[in-house]
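# Structural features, examined
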Amino acid sequence: MAKSEELRAKFGRAATRTTSWLVLNVALLAAVLVLRFFWMPAPQWWGDTYGLTVSVLTGGLVSFFFYWLVVYVPDQRKRRIIKDNLSQMYRSIKKDMLYAVVFASRKGGRCDLQPDMETFERLMTPKGFREAFDGGLEADEGFYAFENQMSDNTPEFQRILLSLEMLAKQIEFVLHNYTMDDQDLFDFFKRLDLILLSLRRSAPGYDESKPLCGFVYEIFAGWNSIDGYRGYDPIAKMIADI
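Everything numeric here is computed off the predicted structure, so don't read it as measured data.

Analysis parameters
Residues numbered from 1 in each chain as written. Predicted model: local features only at pLDDT ≥ 70, side-chain atom pairs only at ≥ 80, totals over all residues. Heavy atoms only, no water. Helix = DSSP H or I, 4+ residues; strand = E, 2+ residues; numbered from the N terminus. Areas by Shrake-Rupley, 256 points an atom, 1.4 Å probe, with all protein chains shown as cover. Salt bridge = Lys/Arg side-chain N within 4 Å of Asp/Glu carboxyl O. Buried < 20%, exposed > 50% of the residue type's maximum accessible area, 1.4 Å probe, protein only. Arc of directions from axis to C-beta. Core = buried A, V, L, I, M, F, W, Y, C linked by side-chain atoms within 4.5 Å. Contact = heavy atoms within 4.5 Å. Axes fitted to C-alpha atoms, helices over the stretch in contact; angles between N-to-C directions. Parallel < 35°, antiparallel > 145°, perpendicular 65-115°, else oblique. Left-handed = near helix turned anticlockwise from the far one by under 90°. Nonpolar A, V, L, I, M, F, W, Y, C, P; charged D, E, K, R; others polar. Polar contact = N/O pair within 3.5 Å; in protein donor to acceptor, adjacent residues only side chain to side chain.

Let's shift gears to the overall build of the protein. Looking only at helices and strands, the protein features 9 helices and 2 strands. Reading the protein from its N end, one meets helices and strands in the order α-α-α-α-α-α-α-α-β-β-α. As displayed, the protein offers around 14300 Å² of accessible surface, 60% of which is attributable to carbon and sulfur atoms.

See the structure below:
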């Protein structure tokens, strides 16, 4: 939340500076025009000064509007399209992963998980996922039922790997086509790109699949070993902060 507020503050300051420059330019031009028509009698040097000042200020306004139409508006539209597409694609990929988690868990003994839309919508929230998968002591309870299915090269294991491949492609595209002004934001997505590169080479097995299972649990339950439960998906949050 603090990072999101910091980014909004940064863009707010940039917009304020641009707006201030435009207002100052307009105010100066208006002042010069008022002097032109109401300053009587005008000094001898006023004619040349008036012409030069109006040319400079008018040129500044023309340059501003040219930049706004040709550069700023298309760039903002492109950034919005990329961000919205990434958000939509991430949610779609995450749903595919959730289907694999649920069906693998049912194979592992979690018959209490019903593969219906209501269940999937609830499990897409960190709170709902944590309530459904937290705890459990036996192999067919909690998140263990899913983890045990990742010990073999199951269809669900392959589906999750494919989902990670698709997510990696999306992140790679954004890194190459979206300019991030915040260093921490850029570092996060670069680290995510490297993590996905490593996870795509995961192999089935009790120990081999632990990083993969840990990543799945982190994004769905909003948990990691450093901060504990955070109550949000870190990837979805950083996408929103772009």
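Moving on to the pattern of salt bridges. Across all of its chains, the model carries 11 salt bridges by this definition. The partner of Glu-165 in a salt bridge is Arg-200, and the shortest N-O contact between them spans 3.2 Å. Remark: Arg-200 occurs in the loop between α7 (183-199) and α8 (210-221) and Glu-165 occurs in helix α6 (residues 155-177); sequence separation between them is 35 residues. With relative accessibility at 25%, the residue Arg-200 sits in the partly exposed group. Between Glu-218 and Arg-230 there is a salt bridge, and its shortest N-O distance comes to 3.1 Å. On the criterion of sequence distance, the pair formed by Glu-218 in helix α8 and Arg-230 in the loop between β2 (228-229) and α9 (234-241) is long-range, its members being 12 residues apart.

To continue, consider helix α4 (residues 126-133). Residue pairs three or four apart in sequence face the same way in an α-helix, which turns once every 3.6 residues. All buried positions along α4 are accounted for by Pro-126, Gly-128, Phe-129, Ala-132 and Phe-133. Each buried residue of α4 lies within a common arc of 165 degrees when the element is viewed along its axis, so the set occupies one face. In α4, the exposed positions angled more than 90 degrees off the buried face are occupied by Lys-127 and Glu-131. Trailing α4 by a residue or two, Gly-135 shows a phi angle of about 80 degrees, which is positive.

It is worth spelling out the nonpolar core at this point. Core analysis: the largest hydrophobic core is formed by 49 residues, its most contacted members being Phe-129, Phe-133, Phe-146, Ile-160 and Phe-189. Looking at this core, the elements with two or more residues in it are α2 (46-107), α3 (117-123), α4, α6, α7, α8 and α9. Sequence-distant contacts of Phe-189, defined by excluding residues within four places in its chain, comprise Ile-171, Leu-175, Met-180, Met-238, Ile-239 and Ile-242. Leu-22, Val-54, Leu-57 and Leu-61 belong to the second-largest nonpolar core, a separate cluster that totals 7 residues.

Here we take up the packing of α7 against α8. Running from N to C, α7 and α8 point in directions that differ by 135 degrees, and their axes come no closer than 10 Å. With respect to their mutual orientation, α7 and α8 come out oblique. Regarding α7 and α8, the two cross each other, and that crossing is left-handed. Each of Leu-192, Ile-195, Leu-196 and Leu-199 in α7 lies in contact with α8, whose residues at this interface are Pro-211, Leu-212 and Phe-215. Looking at the contact of α7 with α8, its residues break down into 7 nonpolar, no polar and no charged.

By the secondary structure assignment, Glu-156 is in helix α6. According to the relative accessible area criterion, Glu-156 is buried, its value standing at 9%. At 3.1 Å, the side chain of Glu-156 and the side chain of Lys-107 are in polar contact. In this structure Glu-156 touches Ala-100, Phe-103, Ala-104, Lys-107 and Met-150, once residues within four positions along its chain are discounted.

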